[in-house]
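Survey of secondary and tertiary structure
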Amino acid sequence: MKKFLPLLMLLAAVFIASCKSSTDTATTVGQSAHGVDASGNAWMTAPPAGEGLQIAVEPFDVPAGTEVQGDFYLHLPSDVDFDVDRIEIAMNQGTHHLNIYRSKIAWPPDSGVARPVVYSHLNGKVDTVNIRYQAEFNATIIWNESDMLVEAQIPYLNWQLPKLATGEQSVVHFGANDTIIAENHFVNIDTLVAGGSQSTPNGKGKFIINLWKSTAASTTRSSMCFARKKSIKILPNSDVTFSKDCNFSPSDIVRPISVLGMTGHYHSRGKRFWVDKMKGFYDANGNKTGDTLLQANVYQSIAWDEPPFTVYDPPVLLNTGEFLRMSAEYVNNSANTFLFGPHVKTDEHFNLFTWFAPSWHNGQTLYDDNE
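Residue numbers here run from 1 along each chain, matching the order of that chain's written sequence. In keeping with the predicted nature of the model, local features appear solely for residues at pLDDT of at least 70, side-chain atom pairs appear and are counted solely at 80 or more, and the whole-chain, interface and lining totals rest on all residues. Side-chain measures were taken over the full set of non-hydrogen atoms in the model, leaving aside hydrogen atoms and water.

1. Some details on the pairing of strand β14 (residues 204-213)
Among the 10 residues that make up β14, 8 are buried, leaving the element largely enclosed by the rest of the structure. If DSSP finds at least two bridges between two strands, the strands pair. What counts as a helix is a DSSP run of H or I of at least four residues, what counts as a strand is a run of E of at least two, and both are numbered from the N terminus. In terms of strand pairing, strand β4 (residues 52-61) meets β14 through 8 bridges, oriented antiparallel. Across the sheet, I55 pairs through a bridge with I209, a residue of β14. Under the scheme applied here, a residue whose accessible area is under 20% of the maximum for its type counts as buried, over 50% as exposed, and between as partly exposed, the area being computed with a 1.4 Å probe on protein chains only.

2. Considering the side chain of N92
If you trace the backbone, N92 turns up in the loop between β6 (82-91) and β7 (95-103). Classification of N92 by relative accessible area gives buried; the value is 1%. Between N or O atoms, a polar contact is any pair within 3.5 Å; within protein, one atom must be a potential hydrogen donor and the other a potential acceptor, and residues adjacent in sequence are included only when both atoms are from side chains. A distance of 2.9 Å separates the side chain of N92 from the backbone oxygen of K204, its partner in a polar contact. Contacts between residues were defined by any pair of non-hydrogen atoms, one from each residue, lying within 4.5 Å. For N92, the residues in contact, after removing those within four places along its chain, are G40, N41, A42, F186, N202, K204, G205 and K206.

3. Some remarks on the sheet that holds strand β21 (residues 288-301)
Read from one edge to the other, the open sheet built from 4 strands follows the order β18-β23-β20-β21, with strand pairing classed as antiparallel. Looking at the sheet topology across the chains shown, the edges are occupied by β18 (238-246) and β21. On average, each strand axis in the sheet is tilted by 25° relative to the strand beside it, whichever way the strands run. Fitted lines through C-alpha atoms give the axes, limited to the stretch in contact for helices. The angle between two N-to-C directions lies from 0 to 180 degrees.

4. Details of the nonpolar core
Where a protein is soluble and globular, its nonpolar side chains tend to be buried together. Grouped together as the largest cluster of nonpolar side chains are 52 residues, with contacts concentrated most on F72, L74, I89, W159 and F174. The leading source of residues in this core is β6, at 5 residues. Ignoring anything within four residues of it in the chain, the contact list for F174 reads L76, D81, F82, V84, L149, I180 and L211. Each nonpolar core is a collection of buried residues, namely Ala, Val, Leu, Ile, Met, Phe, Trp, Tyr and Cys, held together in the definition by side-chain atoms within 4.5 Å.

5. Re the side chain of R115
By the secondary structure assignment, R115 is in strand β8 (residues 115-120). Working convention for charge: Lys and Arg count positive, Asp and Glu count negative, and His plus the chain ends are omitted. Salt bridges are defined by distance alone: a side-chain nitrogen of Lys or Arg within 4 Å of a carboxyl oxygen of Asp or Glu. The buried charged residue R115 lacks any salt bridge partner; its closest oppositely charged side chain belongs to D61, at an N-O distance of 7.2 Å. If near-sequence neighbours (up to four positions away) are discounted, R115 is found in contact with F60, F72, V129, N130, I131 and Y133.

6. A word on the pairing of β7
Of all 9 residues making up β7, 9 are buried, and the element is well covered by its neighbours. Examined bridge by bridge, β7 and strand β13 (residues 179-188) share 8 bridges and lie antiparallel to one another. Bridged to Y101 within β13 is I181. Alignment of β7 against strand β10 (residues 146-152), held across 6 bridges, turns out to be antiparallel. Residue pairing for β10: S103 is matched across the bridge by S146.

7. Examining unusual backbone geometry
For the bond running from R255 to P256, omega is 0°, close enough to zero to count as cis. For P256, the position within the fold is in the loop between β18 and β19 (257-265). D313 connects to P314 through a cis peptide bond whose omega is 15°. The backbone phi angle of F248 is positive, close to 50°, even though this residue is not glycine.

8. Describing the pattern of salt bridges
Evaluation of the coordinates by the stated rule reveals 12 salt bridges. Two residues, E322 and K277, come together in a salt bridge whose shortest N-O distance is 3.7 Å. Taken together, the positions of E322 in strand β23 (residues 322-332) and K277 in strand β20 (residues 270-282) put the pair 45 residues apart, joining distant regions of the chain. Judged by relative accessible area, which is 10%, E322 ranks as buried. Residue class for K277 comes out buried when judged on its relative accessible area of 13%. Here R325 and D291 are joined by a salt bridge, their closest N and O atoms 2.7 Å apart. You can see R325 sitting in strand β23 and its partner D291 sitting in strand β21, a full 34 residues away along the chain. Residue D291 is classed as partly exposed on the basis of its relative accessible area of 32%. The network of salt bridges with shared partners includes D245, K288, D291 and R325.

In structure tokens, the structure reads:
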């Protein structure tokens, strides 16, 4: 996607990123061979047998002027449980996001034409199956019965999960033949309301997932915290900033929390997204009386269509009383009002995805919808 950013903002972002104790995911580990073929579709080699598995969804239509969002209901191509410490995802240009869930819900009735998927199993077997596809995303049902494991918003993600201060390898755990929901969103709109664009040049969506099996002798399972603020309202011809505190508040979350990775999410009215590490002060009854800034810009993004995925190696620690404050600035130069919603053209988002260890409830996702 072509973006024309003010030089000052770009230089500021580069300076801030250089000051953080984090690294870009693409440089942390070796990469599988990957690229784009002559038709504009992503490709990526699968892990060798026994070292990992691959799920490759074949190309599907993303017509010009549309957004295509839906759920692929997949089986994990493994007959045994295993832990993953590296995740690679390759997608066609035009991806807005890919969310991967481990699900306990029954598969829904087929919707539309069955779509082919190539499974490269953990044991080396390769087969192609027609999988169930649902053209709409039912967040309430999926979140009640599923754990979000991965959120990717860039065409190629290569994430090596970091080791903890104890020396244990952080991992994502998968069960044999787990039901996996892959929620994808592709956008092919040249001009969006209130500025910006996101396009799928070849009019096709495609994504490929590599899950690499951990060989570490000592591991710790991780979880994701998915936080969002649904009350945002962006009025016409306005410049407004919203914030939300992510407190990791369940009493059974183990402290210190090791923050492993982070990515933010908003749409084209968003101009800057950042996360600060904070410390709260509390009275004898546990009520917060104030807070102070510990570390500014733990995460920052100025790219709404391809926000960075930031890895923390070593992890960022959140001790007792410490939390993350997510903030985002929106500029709306149009005559339209934008509310929270899933569509890039007509709605806005304010979401933060944070991976942390030790896990909560053995890998359960913490969905933080508190305002």
